[in-house]
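A look at the structure
These are the residues of each chain, in order.
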Amino acid sequence: PTTKIDLVPWIGQTSASNVLCLTDSVLLSSDSVNSNWDYQWQVAYPSGSGVWYNLVDDTLSFLKVDTSIIADTADYRLSIDNGTCSYFTGDTTISFVNFPSLNILPGDSLGFCAYDSILISLGGNGLSFSWNNGQYTGKQNFISTIGQYVIEANGINGCKTYDTLD
C-alpha cells in the first residue's frame, strides 16, 4: 500500500494549516483508503527526533491533531499494513504557537479628569493591535472618552489575545 497524508480543511475553511494556535486543530487523512488495510498513526516528539510512537487507539485512515496529543511541534506519520506489506508515509510536522502576550500600560483600569485625555500604550509580542473592533489600530492610543475598550493583539498565524480597558 502507498499513500500520503493530506491536511483536510474543516467545514468553512478554505485551506488547512500545519501551524496552529493552541485552541485549533487540523485533520490529517490518508489520500487513499482501503477497508482491508490496517492503519496506525504515529508521532515523533520532539520534532525531528526520528523516535516514533504509536498513538493508542488511533487506527483509522484519519486523525484529528490538537493539543490533547502534544501541545508542541511534533511529526506525524501513518503506518499502513495490507497483510503482506507495510508502508510508512512521509512525516508531516504540525506546530502549535502560543497566543501573543498583551500588556496595557499604565493599567487596565484608569481614571482621568473631564475634558482630559490619557495616552495608553500596549506592550507584548503581538504583530498588530486593534482597539474596539478596529476603531483604532496600533500600540498607542489617546483616550478621551470614558467607557470600555476591547483590545485585540494579533500574533503568529492569526492567533489572538484579548484584554479589556475600563
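Residues numbered from 1 in each chain as written. Predicted model: local features only at pLDDT ≥ 70, side-chain atom pairs only at ≥ 80, totals over all residues. Heavy atoms only, no water.

Bringing the overall build of the protein into the picture now. Of the regular secondary structure elements, the protein holds zero helices and 16 strands. The C-alpha radius of gyration computed for the protein amounts to 23 Å, which surpasses the reference 15 Å derived for 166 residues by more than 25%, pointing to a less compact arrangement than a globule. Overall size of the protein, expressed as C-alpha extent along the three principal axes, is 80 × 30 × 20 Å. Sequence-distant contacts, at least 24 apart, represent 51% of the contacts inside the protein between residues at least 6 apart. Looking at the protein as shown, the accessible area adds up to about 9,500 Å², and 50% of this sits on carbon and sulfur atoms. (Helix = DSSP H or I, 4+ residues; strand = E, 2+ residues; numbered from the N terminus. Rg over C-alpha atoms; globule rule 2.2 N^0.38 Å. Contact = heavy atoms within 4.5 Å. Areas by Shrake-Rupley, 256 points an atom, 1.4 Å probe, with all protein chains shown as cover.)

Let us look at the state of the cysteines. Following the criterion strictly, the structure yields one disulfide and no others. Here Cys21 is linked by a disulfide to Cys159, with a sulfur-sulfur distance of 1.9 Å. Between Cys21 and Cys159, the disulfide has an S-S torsion of -110° and is therefore left-handed. Remark: Cys159 occurs in the loop between strand 15 (149-154) and strand 16 (160-165) and Cys21 occurs in strand 2 (residues 19-21); sequence separation between them is 138 residues. On the accessibility criterion, Cys159 (1% relative accessible area) is buried. (Disulfide = S-S within 2.5 Å. Buried < 20%, exposed > 50% of the residue type's maximum accessible area, 1.4 Å probe, protein only.)

Time to look at the pairing of strand 6 (residues 62-65). The two faces of strand 6 differ: Leu63 and Val65 on one face are buried, but Phe62 and Lys64 on the other face are not. As paired elements, strand 3 (residues 26-30) and strand 6 share four bridges and run antiparallel to each other. Pairing of Leu28 across the sheet is with Leu63, part of strand 6. (Pairing = 2+ DSSP bridges.)

Here the focus is the sheet that holds strand 6. Remark on secondary structure: sheet strands pair via backbone hydrogen bonds, oriented parallel or antiparallel. On the basis of which strands lie adjacent, the open sheet formed by three strands has the order 1-3-6 and antiparallel pairing. At either margin of the open sheet sits one strand with a lone partner, and together these are strand 1 (5-8) and strand 6. Adjacent strand axes in the sheet meet at a mean angle of 25° when their direction is disregarded. Here strand 1 pairs with strand 3 via four bridges, running antiparallel. Looking across to strand 3, one finds that Leu7 is bridged to Leu28. (Axes fitted to C-alpha atoms, helices over the stretch in contact; angles between N-to-C directions.)

Turning our attention to the nonpolar core. Membership of the largest hydrophobic core comes to 18 residues, with the highest contact counts inside it found for Leu28, Trp41, Val65, Tyr76 and Ile94. The set of elements that each furnish at least two residues to this core consists of strand 3, strand 4 (38-44), strand 6, strand 7 (74-81) and strand 9 (92-97). Here this core takes four residues from strand 7, the largest share from any one element. Counting residues in hydrophobic clusters, the runner-up holds eleven residues, among them Leu102, Phe129, Ile151 and Ala153. (Core = buried A, V, L, I, M, F, W, Y, C linked by side-chain atoms within 4.5 Å.)

Note on placement: Tyr115 falls in the loop between strand 10 (103-105) and strand 11 (118-123). Look at Tyr115 and you get exposed, because its relative accessible area is 90%. Separated by 29 residues in sequence, Tyr115 and Ser144 place their C-alpha atoms 7.1 Å apart.

The full count for this structure, using the stated rule, is two salt bridges. Measuring nitrogen to oxygen at the nearest pair gives 3.8 Å for the salt bridge that ties Lys64 to Asp66. Overall, the relative accessible area of 45% leaves Lys64 in the partly exposed class. Judged by relative accessible area, Asp66 falls into the buried class, the value being 17%. (Salt bridge = Lys/Arg side-chain N within 4 Å of Asp/Glu carboxyl O.)

What follows concerns the environment of Thr23. Turning to its location among the elements, Thr23 is positioned in the loop between strand 2 and strand 3. According to the relative accessible area criterion, Thr23 is exposed, its value standing at 64%. Between the C-alpha atom of Thr23 and that of Thr137, which follows or precedes it by 114 residues, the distance is 25 Å.

Note that every value here comes from positions in space, so none of it alone points to a role or purpose.
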